[in-house]
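Structural overview
Listed here are the chains, written in short residue letters.
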Amino acid sequence: MNDDVNRPVLSDQAVQAILGMTTAVPVLPEAMARSLTVTFFPVHKISERVLAFSDRLRNAFTTCDVGIVRYEDALLDAGTEKLREGIVVIAPGDLETGDLPVDHVTNLRRATVVGIVDGPCPAHTEKHSQERLNSVVRMLAWNIVQVVIYVDDDSWTVCTMNGAIIRCSYAAFAEDVFHVLIPKIAAPVVPPHASDFDVREGGLDLHDARYRAYVQDFQESGKLWADTGLMLFHTSLESLEFRNRYYKRLAAAYLDHRSGMSYGFLARQLAIPPAQVLTMVEAGAQFGPDAASGDVLARQDALWVKARMPGSAVWVHVPDVWMLTSRSGCDKSNIDPQRDLVMLGLSRGTVIFATPRGVSPGLDCKPSYDTLTILAHAAANAIVAGIQAALSPASRFAAAFASSGLALAHWHGYLHHALLPAGYVVHGEKNPPVSCSTYQAAIFALRGKVDAFATAFAAGRDFAGDAHIEPHHGVNVTGPTLLWLAQWALDNAGLLAEIQASAEVPAGREAIGR
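A few points on the structure. No experiment lies behind these values; they were computed from the predicted model shown.

Criteria and cut-off values
- Residues numbered from 1 in each chain as written.
- Predicted model: local features only at pLDDT ≥ 70, side-chain atom pairs only at ≥ 80, totals over all residues.
- Heavy atoms only, no water.
- Helix = DSSP H or I, 4+ residues; strand = E, 2+ residues; numbered from the N terminus.
- Rg over C-alpha atoms; globule rule 2.2 N^0.38 Å.
- Buried < 20%, exposed > 50% of the residue type's maximum accessible area, 1.4 Å probe, protein only.
- Contact = heavy atoms within 4.5 Å.
- Areas by Shrake-Rupley, 256 points an atom, 1.4 Å probe, with all protein chains shown as cover.
- Lys, Arg positive; Asp, Glu negative; His and termini not counted.
- Charge placed at Lys NZ, Arg CZ, Asp CG, Glu CD.
- Core = buried A, V, L, I, M, F, W, Y, C linked by side-chain atoms within 4.5 Å.
- Phe/Tyr/Trp six-rings, centres within 6.5 Å; stacked < 30°, edge-to-face > 60°.
- Lys NZ or Arg CZ within 6 Å of the ring centre and 35° of its normal.

A count of helices and strands for the protein chain gives 16 helices and 23 strands. Over its C-alpha trace the protein chain gives a radius of gyration of 23 Å, about what one expects of a compact globule, namely 24 Å for 514 residues. Overall, the protein chain is about 65 × 50 × 45 Å in size when its C-alpha atoms are taken along their principal axes. In the protein chain, which comprises 514 residues, the proportion classed as buried is 58%. Once local pairs closer than 6 in sequence are excluded, the contacts in the protein chain between residues at least 24 apart make up 74%. Summed over its atoms, the accessible surface of the protein chain is roughly 20000 Å², and 50% of this surface lies on carbon and sulfur atoms. Counting 42 positive and 54 negative side-chain charges, the protein chain places the centres of these two groups 2 Å from one another.

With that out of the way, let us pick up the nonpolar core. For soluble globular proteins, the rule of thumb is that nonpolar side chains tend to be buried together. Counting 58 residues, the largest nonpolar core has L10, I18, L19, I383, I387 and L446 as its most contacted members. The biggest single contributor to this core is helix α12 (residues 371-391), with twelve residues. With residues up to four places along the chain from it excluded, the contact list for L10 reads V15, I18, V305, K306, A307, I383, L446, R447 and V450. The next biggest cluster of nonpolar side chains, apart from the first, holds 43 residues, and it includes L75, L108, V137 and A251.

Before going further, it helps to spend a moment on the packing of aromatic side chains. Counted under the stated rule, the structure contains 13 aromatic pairs. Ring geometry for F453 versus F463: centroids 5.6 Å apart, planes at 80°, classification edge-to-face. Here F463 lies in the loop between α14 (439-458) and β21 (465-470) and F453 lies in helix α14, a separation of ten residues in the sequence. Side by side, F453 and F463 carry an identical accessibility label, which is buried. Aromatic rings pair up to connect F53, W156, Y170 and F173 into one cluster. The cationic tip of R58 hangs over the ring face of F40; the distance from NZ or CZ to the ring centre is 4.1 Å.

As C-alpha cells, this is what we get:
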C-alpha cells in the first residue's frame, strides 16, 4: 500500500480499465453483502437440525444487510416457475428430482444455488486431498448446486466447486456468515465460457521457434511437479453420479462442456520489453492536463494508467500480455503441448483465447477457471517490471521479465513465509475468500502484486517475486521458470505437502504460516 496517501497504487478506475471491467465490482464483505439478494427454496423434506440452521442463517443474513425476498417475489412473474436472474437460492433439506432449484433458473451462470444438508462433511473422514475434493463434488453434482453446507451438532462446513472446505463453529455464527459464506456466494465459481473471450481457434502455432523454450519448460518441469504431489488431478464428469441424463447435460453446459473439474494450473508469460514509464512532467508534456487529473488515458490504441508510487506518481503504459498456459482439465505433470497448451492474452481489457493449430475437433480444450486471475498476474508483472526497470535498472525481476519471461504456478494448498526465496513478498492473506474465476480474484491478484512491490520499494527491499494467497483456496507463486518453481517446491515438498494435506480450513484461520 502506498504509505504516502494510504491508498492503492492503482485506482479502481485503472484496475477496471486494465481488466476490461465495465462496472464497479464489490471487493469488501460489506459491499458484497449489500450486493446480494437471496431467497429460500420451498422445503420438501427437512430435519429439525437443518430447519433450525436455516432460520439462524436467515437471521444472520438480515444482520449482515443481505437482501432477502420471499420465494414468490423472486419469480419472474406470477404465472411462471422461473426465478429472476442474479438471485442466490438457499435450498435447505432433501431435494426432489424434477423440482431442484436448477429446474427453476433460466441461466445457471446467473444464479447461485446453495444446498444445506444434514450430517457431517464427508471430507472430514478422507485422508487424501484428492478424495476430499471428490467427496464434496459428488454432492454438488447430485443436487446441481455451486455451494453445499453440511450441518452437524458441533459445526457447519461450507464447501464450494473450487475445492474450498471451511469448517465453522456456532460460537460466532453471524461473523462466519459475513466473512466466509457471503464472499463465496457474492463471488461464486463461474466456469469461463469461450463466448466470454476473443476466441482464435487454431491461432497458436506451437512449432513457432518463439515458443520453443516455453514449451520445453512445461515438459522438463513435469516430472518434478509430479514428485511434489501438489498438482491435484481431475474430477471427471463421467465419474460423478447425476439424478438423470437431463441434469448431467445441465452440468456439462454449465462447465462449457469440459470433461470435468480440475485443480491448479501452470503458466509461462512471454517475454516483452519492460513497460514504458513516464514521470508526471513527461506525461504532462505528452498528454496535456489530463495527465494531472486523471488515472486512465487511452491514446492511439494504447492504455496508460497512473501508478501512485511512494514519493511520487508515474504513468505506466499497459502493454498487451501473453500467457502460455495449461488447458483446463489436463494432467499438469505430463503436458502434451499439442493438446494441453493454450494461449491467453490481455489487450486493453479484452481477453484473447487461442487454441493450438491442428487440435482435434471435439477435444476438451477449454481455458482455465482462473483465466482472468492468470492475466491479472501477467499485467501486474508488466507494470512492476516497467516501474522497476525505470527506478531500479539493476533489478533481477525486471531483467528476467524482459529476457525470458516469467512463470506462474497455482495449487490448492498453502505455504509458510519461511519457505519463500529471498526477495519474495506475500500478499492476499487478509482478502475476502472469494472463488477463482471471479473479477474479485483478478482484482486481488493485480492490485496485491503492485501494492506489494510498492511496499518493498518504499522499504528499500529487493522485489524478486511474489506469493499470492487466495484464502480458503490456494496459492499463486511467480518465478523465473516452471522448472525453477518446481525445484523450489520439491526442495520444500515435505512441509508443503503437510500443509496442503489440511485442505479443510477452519474459518478465521490465517491461510499462510499455519
